[in-house]
Structures are given as structure tokens and as C-alpha cells.
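# Residue-level structure breakdown
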Amino acid sequence: MYRYIVNRVLLVVPTLVGAAALVFVLMRLIPGDICMVRLGSGGTSVDPRALAVCHAELGLDRPLVLQFLDFAWGFFRLDFGISMWSGKPVAEEIAARLPISLEIAVMATVVAILIAIPLGTISALWQNSWIDHVVRTVAIAGIATPSFWLGIVSIMVVLDVSHALFGAAWMPPIDYVPFWQDPLRNLSMVILPALTVGYRYSAVTMRMTRSAMLEVLREDYIRTARAKGLAERLIINRHALKNALLPVVTLIGIEFAFLIGGLVVTEQVFNLNGVGRLFVLAVQNQDYTLTQALVMLTVAVFVFANLVVDLLYGWLDPRIRYG
Amino acid sequence: MVDLARPYTPTAADAVAESPRSWRAGIIGFCRRQPLGTVGLALVLVMAVAGLSAEWIAPYSPTSNDFAVMTEPPSWAHIMGTDQFGRDLFSRIVFGARTALIVGFSCAIVGGVAGLVLGVASAYFGGRIDLILQRVMDVVMAFPLIIMALAVIAIFGSGVYNVIVAITIPLIPRCARVVRSSALAIREVPYIDAARACGFGHARIILRHMVPNVLAPFLIMLTAFVGQAILAEASLSYLGLGVQEPTAAWGLMLQGGAEEYASTAPWIAVFPGIAITLTVFGFSLFGDALRDAIDPKLRDR
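All figures in this text were calculated on a predicted structure; none of them were measured in a lab.

## Focus: the overall build of chain A
Helices and strands together make up the secondary structure of chain A, namely 13 helices and zero strands. Secondary structure elements of chain A, listed N to C terminal, follow the sequence α-α-α-α-α-α-α-α-α-α-α-α-α. Reported as C-alpha extents along the three principal axes, the dimensions of chain A are approximately 85 × 65 × 35 Å. Evaluated residue by residue, chain A yields a buried proportion of 38% over its 323 residues. Considering only contacts in chain A between residues 6 or more positions apart, those separated by 24 or more positions represent 74%.

## A few points about the overall build of chain B
Scanning chain B from N- to C-terminus turns up 14 helices and zero strands. Ordered by position in the sequence, the α and β elements of chain B form the string α-α-α-α-α-α-α-α-α-α-α-α-α-α. In chain B, buried positions account for 50% of the 301 residues. In chain B, once contacts between residues fewer than 6 apart in sequence are set aside, the share between residues at least 24 apart is 71%.

## Re the interface of chain B and chain A
Counting residues at the interface gives 39 residues for chain B and 40 residues for chain A. Elements that contribute at least two residues to the side of chain B that touches chain A include exactly helix 6 (127-142), helix 7 (145-156), helix 11 (215-238), helix 13 (257-260) and helix 14 (267-294) of chain B. Looking at side-chain class alone, the side of chain B that touches chain A contains 27 nonpolar, six polar and six charged residues.

## Focus: the confidence of the model for chain B
Residue and element names in this part refer to chain B. For chain B, mean pLDDT is 79; residues scoring 70 or higher make up 89% of the total. Per-element mean pLDDT across chain B ranges from 46 in helix 1 (residues 12-17) up to 88 in helix 5 (residues 89-125). The low-confidence segment residues 1-19, where pLDDT is below 50, has 29 contacts with residues more than four positions distant or belonging to other chains. Across the whole predicted complex the pTM is 0.81, and at the interface the ipTM reaches 0.79.

## Comments concerning the nonpolar core
Side chains that are nonpolar tend, in soluble globular proteins, to be buried together. Ranked by internal contacts, the top residues of the largest apolar core, which has 172 residues, are Val120(B) and Ala149(B). Beyond its immediate sequence surroundings of up to four residues, Ala149(B) is in contact with Ala166(B), Leu236(B) and Leu241(B).

## A word on helix 3 (residues 35-52) of chain B
All names here are of chain B. Helix length check: helix 3 (18 residues) gives 26 Å between terminal C-alpha atoms against 26 Å at 1.5 Å per residue, within 8%. Those residues of helix 3 not exposed but buried are Gly37, Gly40, Leu41, Leu43, Val44, Met47, Ala50 and Gly51. On its buried side, helix 3 packs onto helix 2 (23-33), helix 4 (54-57), helix 5 and helix 14.

## Section: helix 7 (residues 130-144) of chain A
Spanning 15 residues, helix 7 of chain A covers 21 Å between terminal C-alpha atoms, matching the ideal 21 Å at 1.5 Å per step. Taken residue by residue, helix 7 of chain A has Val135(A), Arg136(A), Ala139(A), Ile140(A), Gly142(A), Ile143(A) and Ala144(A) as its buried positions. Residues of helix 7 of chain A that are buried in the fold lie against helix 6 (90-125) and helix 9 (183-217) of chain A together with helix 3, helix 11 and helix 14 of chain B.

## Digging into the environment of Ile117(A)
Note on placement: Ile117(A) falls in helix 6. Spatially, the C-alpha atom of Ile117(A) lies 32 Å from that of Pro173(A), the residues being 56 residues apart in sequence.

## A look at the environment of Gly18(A)
Structurally, Gly18(A) can be placed in helix 2 (residues 12-29). On the basis of neighbour count, Gly18(A) is assigned to the partly exposed category, with 18 C-beta atoms found within 10 Å. Not counting residues within four places of it along the chain, the set of residues in contact with Gly18(A) comprises Arg135(B), Val136(B) and Val139(B).

## As for the confidence of the model for chain A
Confidence along chain A averages 80 in pLDDT terms, with 93% of residues attaining 70 or more. Taken element by element, chain A is modelled with least confidence in helix 3 (residues 34-39) of chain A, mean pLDDT 73, and with most confidence in helix 6 of chain A, mean pLDDT 87.

## Side note on the packing of helix 12 (residues 275-284) of chain A against helix 7 of chain B
Helix 7 of chain B packs onto helix 12 of chain A with a crossing angle of 25° between their chain directions and a minimal axis gap of 11 Å. It follows that helix 12 of chain A is roughly parallel to helix 7 of chain B by the angle criterion. Relative to helix 7 of chain B, helix 12 of chain A is oriented so that their crossing is right-handed. Together, Phe279(A), Val280(A) and Val283(A) of helix 12 of chain A and Ile146(B), Ile147(B), Leu150(B), Ala151(B) and Ala154(B) of helix 7 of chain B make up the contact between the two elements.

## Observations regarding the environment of Ser86(A)
All names here are of chain A. Summarising the element assignment, Ser86 is placed in the loop between helix 5 (64-76) and helix 6. Residue class for Ser86 comes out partly exposed when judged on the 14 C-beta atoms lying within 10 Å of it. Along the sequence, Ser86 and Asp287 sit 201 residues apart, while their C-alpha atoms lie 9.0 Å from each other.

## Digging into unusual backbone geometry
Residue and element names in this part refer to chain A. With a phi angle near 55°, Asn271 is a residue other than glycine that sits in the positive phi range. By the secondary structure assignment, Asn271 is in the loop between helix 11 (232-270) and helix 12. Positive phi, close to 55°, is recorded for Gln286, a residue that is not glycine. Position of Gln286 among the secondary structure elements: in the loop between helix 12 and helix 13 (288-316).

Conventions used here
Residues numbered from 1 in each chain as written. Chains lettered and ligands numbered in written order. Predicted model: local features only at pLDDT ≥ 70, side-chain atom pairs only at ≥ 80, totals over all residues. Helix = DSSP H or I, 4+ residues; strand = E, 2+ residues; numbered from the N terminus. Buried ≥ 20, exposed ≤ 12 C-beta atoms within 10 Å, placed from the backbone. Contact = placed C-beta atoms within 7 Å. Nonpolar A, V, L, I, M, F, W, Y, C, P; charged D, E, K, R; others polar. pLDDT = per-residue confidence, 0-100. Core = buried A, V, L, I, M, F, W, Y, C linked by C-beta atoms within 7 Å. Expected span 1.5 Å × (residues − 1). Axes fitted to C-alpha atoms, helices over the stretch in contact; angles between N-to-C directions. Parallel < 35°, antiparallel > 145°, perpendicular 65-115°, else oblique. Left-handed = near helix turned anticlockwise from the far one by under 90°.

Okay, here's the thing in C-alpha cells:
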């Protein structure tokens, strides 16, 4: 068991190093650099001396290997350096935009779990009944609907309904207020994005819950439990659901990591100033430090979500004993 | 008697028909048992026909502007209305089906085949090669799709082919993972040992003996990939990182005008979204039904 944990944790290292190398190379393959973006506004030719000064200032004139080692060492110490575009510390730039993105992600996850697990279970228990067909159709529709389109449509509906009811069109607020300062305003801003993202998320989870339940319900130990006359409710809650949740937990963990990437589109639709927006901006400005930090952050969340899920397996399912 | 050189390869048709009946009987059986899957298949076919014969179906050119009819609501002349440039939305949606078809199928096929080969090779060789390949897959899986796309577009420029590249890369590891786990089981089967004992080369064992046996899960995944690729293309185009104007693409149709005219001309936003949803819906329903039909574990008892 301990050997497995140590091995599993060590596997994180090559992934992080690989991702660091990939983002480092990709960013530098993009033609031009931040100094060109800064100095060359309007397509005029850039003064080579000013360019050299700018490069020296940002340390871009140093050998690439040194630049990479610097970046890797900084990541190791959790020091991401200074944004090349704004000149502010990268950590500060991210921290300013993280709360709203994180809030949407967490709320979407809660929405997803609340919808998905009961519906997925019901759908599996009454396989091929009309209720199963309805749940599956809703779930597949959730996967098929682009969340940005759902966002556009939900804004349209809110506009029309508020106009019809109150005579004035209501729009969700755009500037972020922390929940503890003004809960109502905060929620009115976050609820629509959380629902549109959460619907898709719940659809994926619902399907997983259904198929996992279907498989578990056919296991011998369920038949045994039924044969000894255990109440159906207990069979489902204690025997079936607990084992079926294993792949569902995996999925929730992995999807949560994907959410951060998916927020780019959602934030665009709802005009929110979150991490997703920052991502696009950082790449467009060719802000190496900021992009690298953001990518490493996303990759780290993904990698650690996977790690936690793998380790949770041993806890949720005692049958798995890591050799 | 089992012929060692030609292993029995179950196909979708076999699994559906369960006996060497005709294809037609298999398809009829599939439709009867999988009503939702049939709906999905129908949606896919409608989209495919629209995409393949767009020139004959679309009443107008998808790119010609008619400034006399800007943001017109749906009417007999323009059954889905017109956009802010006076272009016929129905024609653009029909031509958008072609873009979606090209992107969806190329991404799924290229990504799927690359994943198939890598996954089977990883399982077959095992050891160090497996370890290294899996770590590379880990990196690609963990890397955010949107950054990959942004970088690919920034390096190579925008356009349909670069969008395909950007969407295909992240599909490869997902396919390789699934294929590898099924291939790992197959590697232990005696006929692989037999093939090795016959002195066949690696390429022959992989292509002739292992690949055919993982085709069932692979084909199911491929249908799902088409839908996912169409969705990804729509998202990228919506962000302005995908297909560029004046090409007709559904995601692109939702960009800009759709939001600006949301309250005065909602049809601009509604119809392309429905087109995306129905198409991806069709592919998912069909893929699901295929899986249920093939996987005996999930069949109703």
C-alpha cells in the first residue's frame, strides 16, 4: 500500500515537468514576443534598440535553458514571478480573478451532484422504463448542448421575462462582490453560469452513475442481499450505491479539473472577469510568465485531482489493495 | 477450427444480429431494440445529407449579403430569418453542417486512429515503452485544450485545418487510454502467443491480431468523438479561435451578432444552437445505443 502511494505520487513529477516543457516551448513557438506586442502597436516597425532593452529588462535575452530552469525553480518554490504585461506579481493577478471562477466551479459541481446521483440511480433501477428514457434523453441533451449557447439563451430568457414582469429588463451584475459582503448580489451573478455549466456536468455524471449502477446491480452480492430479504432501500443505499459511486467519484474529480478550462467560454458569454478570461488575455499578449503560471496551475489541479481520486479508491473500495 | 492467422473478429453487425444474418436484419433488430439510437441515427443522417448536398438544399448562397433583408424574422422566403448582414440563416446552417462534418469526422478519425495505434502498441510492448508513452499521454491529457488551441492558432494561423489539429491532439490520449486497457487483456490471450511463436513481426501481430479485437469499443468511442469534436469546434469558433468568416460554421454564427441582437432578433442565436445540439445529440444517442447493443453486460435481463 505504501509502496503504491509513493509510486503514484512520484508519477506526478514527470507529468508536471512535461507540461512545463510543453507550455514553455509552445509559447516561444508563437511568432513575435511580448516586447513586439508592447512596442509594435499599430504595425509600425519596432526600434531594435528599444526591443533589446525590453528583452534585457524581462530576461528574454538569456539562454532558453536558463529561462526554463528559472521557471521550473520558481514553480517549485511556488514563486511565479511578475506578469510581463502588467508588471504586477502573477500570484496577485490570479488571486484577483480566482474567487469568481472557483465559486462557479464549486457551485456547478454541487448542482451536478445534486441532480446526477439521484436521477442516475432512479434511471438504473427502472432500466428501459419511460422514466429511464426521459432521464437519459435529458442527460444526453446536456452533453450535446454547448454551454455557451445555453448561456446566451438563458440571458435572453431572463431579459424577456424580467421585461414582461417588471417592465424593465434585468441583467445579472458584472462586477464581482464576495459572497459575505452581499450574498444576494453575489448569487444573482453566479447562479446562471453555475447552472449552465452544472447542467452539462450533471449530464456526464448522471450517465456514469446510471451505467455504474446497472453493472453493480447485477453483481452476485446484490442477489445475495435480496435473497436474505434485506430491504430494497438498504440494498440500494448500502450495497449498490456505495460501490457504484467509485467511477462516479473519479469522473467528478476529473471533470472538476476540466471545468477550469471550460470556464473560458462561460466567462466570455456572461462577461465575467475570471481566470478563463485571464488565460485568453495572457496568451494573446504573449505574457510568458502569466501563461506558464496559469497552465501549471490548471495542470496541477488536474494531476492532483487524479491523484486524490486514485487514492480515494482504496478507501472507498476495500477490494482494491494496492500491491 | 480456429484459424490462428485470422482471428475471429466480432463486428458491430455480429453483435447486433447475434448470428450471421444479413445486415438488413441486423439494422432492423437494432432499430426495434434501440428506439433512441434510431432517433440518433436519423439525426446523424439528416445532418450528413445536409452537409454533403448543401449546394442543392440551401436556397441562397451562405455568404451573399442582401442588405434589403437584414435581421428579418423567419418568413416563407427565409425560413429561419436572416442575420445582421442579410445572409439567409437556413443556408448558412446547411453549409455549416458541411464544416461540422469535415471537422467532426477528420478529428475523430485522425485522433482515433493515432490513439488506437499508440494504445495497442503501448499495451503490446509494455515495460519502458508503455511507461514513457503513458507519461506523454498524461501530459497531453492534463494540458488545457483551450491553451493548446490558442497556441496552435497563434503559431499556424486560423483556419479549418488548424482547428482540426487543435481539436485532434487532445483526443489522442483519451482514445489511447481506453484502447490500451482493452488491449492489455487481449495481450494475454493464447493466440497472441501463438502468433509470436509463429515468428510474426510486431507490426503484423499488432495490426492483424490485436487491433481487430479492440475495434468494438474503438468504433463506439469514434462516434462519441465526432460529437465532441463538433462541440469543440463550435466553442473555438465562438471564441473567435476557430473557423473564420465568411465560412459558414455554427459556432461562428453564435459569435458577435447573436448576442448583440439577442433581444431584437433571437432567431440569429436560436437556430445555430439547435443545429449544434441536435447533431451532437444524434451522435451521442447513436453511440450509446451501439454500446448497449454490443455490450452484453448492459443488456436488459
